Amino acid sequence: MRGRDVTKFGIGQPVRRIEDQRFITGRGRFVDDIGLPRQCYGIVVYSLHAHARIRRIDTTQAAAAEGVLCILTGADAVAEGFGGMPPLFMPEDAGGPKCYRTRRPILCANLVRCVSDRVAFVVAETEAQARDAAERINIDYDVLPAVTGIEQSVAAGAPQVWPDCPGNVSFTLAFGNKEATDTAFARAPHTVSLKIDNNRIASNAIEPRCAIGAYEPGEDQYTLYCTTQNPHGTRNMVAQSIFQIPETKLRVISPDVGGGFGPKGACYPEDALVLWAARRLGRPVKWTATRSEAILGELHGRNQIVTVELAFDNDGKILGLRSLGLHGIGAYTAAACAAPVVFAARLLPSVYQVPAIHLVNKAVFSHTTPVGTYRGAGRPEAIMAIERLLDEAAAKLGIDAAEIRRHNLITAQQMPYKTTTGYTYDSGDFPRILDAAMEKADWSGFPARRAESKRNGKLRGRGIGYLIEEAAAFNERMELRFDPGGTVTIVAGTHSHGQGHATTYAQMVSEWLGVPFEAIRHVQGDTDAVPFGRGTYAARSAVLGGSALRLAADAVIEKARQMAGHLMEASPADIEFEDGTFKIAGTDRSMPLMDVAKAFYRPMMLPPQFSVGMEGSGSWSADPASFPNGCQICEVEVDSETGAVEIVRYTAVDDVGRVLNPLLCEGQIQGGIVQGIGQALKEKVVFDDAGQLLSGTFQDYAMPRAADLPDLHSEMIEILATTNPIGVKGAGEAGATGAPAAVMNALADALREIGAGNIDMPATPQRVWNSIRRANKVVHA
């Protein structure tokens, strides 16, 4: 095949993921599939208490157990001089308020602050032997008072997680003008307020974390195989912060990864423990989490309690918005824990014209597993707050829920629009998206459907979740390399773990360079093969990786243009490039790019102005940002006898900018919606007052199943971003950002018919049933 088939493989075509063939035939290569010669196995011992001093660790019986090779403790880590894991960034790094930072040890030596703290690492010939030996370790604890609830943590007299951080608040963020906002509320004829609990949840990626450490003493070189979304970030944390060695001494390989969702973007103690043990033993060491260890030990998400208030006039026009949010970050400032705290405030005005704001968020410590980024990372919390307020306001004024939004939406004519929290929205047509969603959801047909549900003994409600988010973060580098045969390799600083980068990036390169789709190779996830990268999270890959790839393609074309001019004996200024071919303007003389690429590898007669090889690189930054947005409309039926909630219709219309691959984009949005539904109706991580995890298995932690979900009807409307060269906005976070609000608004609408009150997430049948019973008692009183 020469050139490209744009109708099949170009940008905008629904190309199936090329990597799926090996996944569905069992030929994927995940970390747990890897076995190295003489490999042994490690088991982590976790703290039995949420807050305690470690008086003594007795490993005598464990060390004598069959197959045991070594046991590592916090005292050993101190003796090695290992450092702890700091947060990736904090608000003060960007000029924000002063923050209290922590460094999490890979093994605790003297004090534990949550039950997910690691206190020992046992290595044996087999996993079963290591697990058996771990049970024989005796640890003498001096148990201390613990605090696990967010509001309890900031109460007077609460146990302190860190003695030199009084009040258990790591930092406080504020946006807006308090005086102006208080004045707006004082003058407003109407106000509504809500207290919302964004439940703590676990990511539960299909593949639990796994790590294999190997050490080559002759070269003093480490190799880590791990399930990370960010190989270079993991290398930096382990090498620089923990081992304090040059990063060139550590190679990180992240092969196929079964889902990430944010928590796998962080570095964990096990990543260092397997390397340390491998160096001690001179043998590779593997550790694989059980599902319970994953729920306990990985970073959690959400975990916010917020009180929000909206002031509006008699027509439903917003006059002011204020909030006080408490974000539980657990026992440590881990990874990107600051991101949800920032986004939950900064995106609170959302797509609406809000003239006065005062938004305050606090990051709160507790004796629980640390909280980091989970799909959306603060965006769903912001959208939940503003969308729930608008539905409450609409109900109070007797205004249609869609109309109160339309009355306050930023219009396309106002773009670019600067928000009161400092964002500049570059593009978008929010009213158009709302109208499209209403039409697709058959908004006008709802009264008939509600009446039909009532005849069947069910309550029916509908809800809107209009979302916007800031996509991408930091910057990214991409590279294109041609080989002597003329085919091309994409060297990606991003990391695909379900997104389909190998497919989408190949579509882009095929479109821009005219290279056959099947002649494009994708390399990622190896710090020795990829010079630098920041991984994939925050819907950044299409925006940053794609834009950097566009610049890399342009660099290739310019470099090849010089060679094409030399080969065709023409001035490069006269050389045009189109559809994979260079040609001399005004003539019929031409040469395919792939043939030009081969000329860079000639063993002789290569002119001195050309270096050997043809490659190009590009970088792109997230500043200025892009803002994907969309509207989700949900309809639910509630069984008033059981409290069961069934989602019966679901519609999503999204503006993600240019759609690179509609099939994969739709899959990303639908996957996010499912996770949002899970948060709204089922999922919750629960700690008791002593800090013990009560939801550590799938018997106790409810996950959404196929039977819980309706057909998801989605549509994408292309409104191109103006802040990057390819017009994309990002799609990875959108579904999860809008779904909790849409579902909870629908449920509130259904219960409002009988006077039942608002319900916290997850809206389990028991919670719904209790709310209905309370409403019935009031009616019959």
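Residues numbered from 1 in each chain as written. Predicted model: local features only at pLDDT ≥ 70, side-chain atom pairs only at ≥ 80, totals over all residues. Heavy atoms only, no water.

Examining helix α13 (residues 401–408)
Quick note on the threshold: Each residue's exposure class comes from its accessible area (1.4 Å probe, protein chains only) as a fraction of the maximum for that residue type: buried when under 20%, exposed when over 50%, partly exposed otherwise. Secondary structure elements are taken from DSSP: a helix is a run of H or I of four residues or more, a strand is a run of E of two residues or more, and numbering for both begins at the N terminus. The directions considered for the arc are those from the helix axis to the C-beta atoms. Here, residues are in contact when the closest pair of their heavy atoms is within 4.5 Å. In protein, a polar contact means a hydrogen-donor-capable atom and an acceptor-capable atom, both N or O and within 3.5 Å, with residues adjacent in sequence counting only if both atoms are side-chain atoms; elsewhere, any N or O pair within 3.5 Å suffices.
Residues of α13 that are buried include every one of Ala401, Ala402, Ile404, Arg405 and Asn408, and no others. Along the axis of α13, the buried residues cluster in a sector spanning 165°; they form a single face. Along its buried surface, α13 packs onto β14 (318–330), α12 (379–397), α14 (430–440), β18 (458–468) and α20 (734–752). Residue Asp400 occupies the N-cap position of α13, its side-chain oxygen lying 2.9 Å from the main-chain nitrogen of Ala402.

Quick look at the sheet that holds strand β8 (residues 190–198)
Keep this limit in mind: Criterion used throughout: strands pair if DSSP finds at least two bridges between them. Under this scheme, a helix contributes an axis fitted over its contacting stretch, all axes are lines through C-alpha atoms, and angles between N-to-C directions fall in the 0 to 180 degree range.
Strand order in this open sheet of five strands is β7-β15-β14-β13-β8, and the pairing throughout is mixed. Whereas interior strands pair on both sides, the edge strands pair on one side only; in this sheet they are β7 (169–176) and β8. Geometrically, the sheet is characterised by an average inter-axis angle of 10° between neighbouring strands, direction not taken into account. Where β8 and strand β13 (residues 304–312) come together, nine bridges link them in antiparallel fashion. Within β13, the position partnered with Val192 by the bridge is Leu310. Lying over the sheet, helix α11 (residues 338–346) contacts β7, β13, β14 and β15 (357–365), oriented at roughly 25° with respect to β7.

Remarks on the sheet that holds strand β22 (residues 575–578)
Overall, antiparallel pairing links the three strands, which are arranged β22-β23-β24 in an open sheet. Across the chains shown, the open sheet's two edge strands, defined by having one partner strand only, are β22 and β24 (590–592). On average, each strand axis in the sheet is tilted by 25° relative to the strand beside it, whichever way the strands run. As paired strands, strand β23 (residues 581–584) and β24 are joined by three bridges and run antiparallel to one another. Bridged to Thr581 within β24 is Pro592.

Some points on the packing of aromatic side chains
Our working rule: Note on ring pairs: Phe, Tyr and Trp rings are taken, using the six-membered ring of Trp, and paired if centres are within 6.5 Å. Classes follow the plane angle, with under 30 degrees stacked, over 60 edge-to-face and the rest tilted.
One pass over the full model with this rule turns up 16 aromatic pairs. The interplanar angle of 50° and the centroid separation of 4.8 Å between the aromatic rings of Tyr215 and Tyr222 together place this pair among those described as tilted. Tyr222 carries the same exposure label as Tyr215, and that label is buried. Measuring from ring centre to ring centre gives 5.2 Å for Tyr423 and Phe627, while their planes differ by 75°; the resulting arrangement is edge-to-face. Taken together, the positions of Tyr423 in the loop between β16 (417–418) and β17 (424–425) and Phe627 in the loop between β25 (614–621) and β26 (629–639) put the pair 204 residues apart, joining distant regions of the chain.

Re the nonpolar core
Soluble globular proteins tend to pack their nonpolar side chains together in the buried interior. Stated formally: What makes a nonpolar core is a set of buried Ala, Val, Leu, Ile, Met, Phe, Trp, Tyr and Cys residues whose side-chain atoms join them at distances within 4.5 Å.
Counting 92 residues, the largest nonpolar core has Tyr425, Val638 and Tyr650 as the members making the most contacts within it. Here this core takes 10 residues from α20, the largest share from any one element. In this structure, Val488, Ala548, Ile557 and Met563 belong to the second largest nonpolar core, which totals 49 residues.

Quick look at the packing of helix α16 (residues 501–513) against helix α17 (residues 541–567)
Here is the rule: Two helices cross in a left-handed way if the nearer one is turned anticlockwise from the farther one by less than a right angle. They cross in a right-handed way if the turn is clockwise.
At a closest axis distance of 10 Å, the pairing of α16 and α17 adopts a crossing angle of 35°. Crossing angle aside, the handedness with which α16 passes α17 is right-handed. Each of His501, Tyr505, Met508, Val509, Trp512 and Leu513 in α16 lies in contact with α17, whose residues at this interface are Ser541, Gly545, Gly546, Leu549, Arg550, Ala553, Val556 and Ile557.

So, the environment of Thr722
Following the sequence through the fold, Thr722 ends up in the loop between β28 (712–716) and α20. Taking the relative accessible area as the measure of exposure, Thr722 reaches 59% and is therefore exposed. Along the sequence, Thr722 and Gly676 sit 46 residues apart, while their C-alpha atoms lie 29 Å from each other. Not counting residues up to four positions away in its chain, the partners in contact with Thr722 are Asp426 and Ser427.

Points about the state of the cysteines
Rule in force here: By definition, disulfides here are pairs of cysteine sulfur atoms that lie within 2.5 Å.
Under the defined criterion, the tally for this structure stands at zero disulfides. In this structure Cys108 is not part of a disulfide, and its nearest cysteine sulfur, from Cys114, lies 7.4 Å away. Given the relative accessible area of 2%, Cys108 is considered buried. Its sulfur unpaired, Cys165 is 10 Å from the next cysteine sulfur, which belongs to Cys99.

Structural notes on the environment of Glu635
Residue position: Glu635 is located in strand β26. Side-chain polar atoms of Glu635 contact the side chain of Arg460, separated by 2.9 Å.

Examining α12
Cut-off, in case you're wondering: Expected helix span is taken as 1.5 Å per residue step, with the number of steps being one fewer than the number of residues.
Here α12 contains 19 residues, and its C-alpha end-to-end distance of 27 Å stays within 8% of the 27 Å for a straight helix at 1.5 Å per residue. Taking burial as the measure, the 19 residues of α12 include 16 buried ones, the bulk of the element. Within two residues after α12, Gly398 carries a phi angle of roughly 70°, on the positive side.

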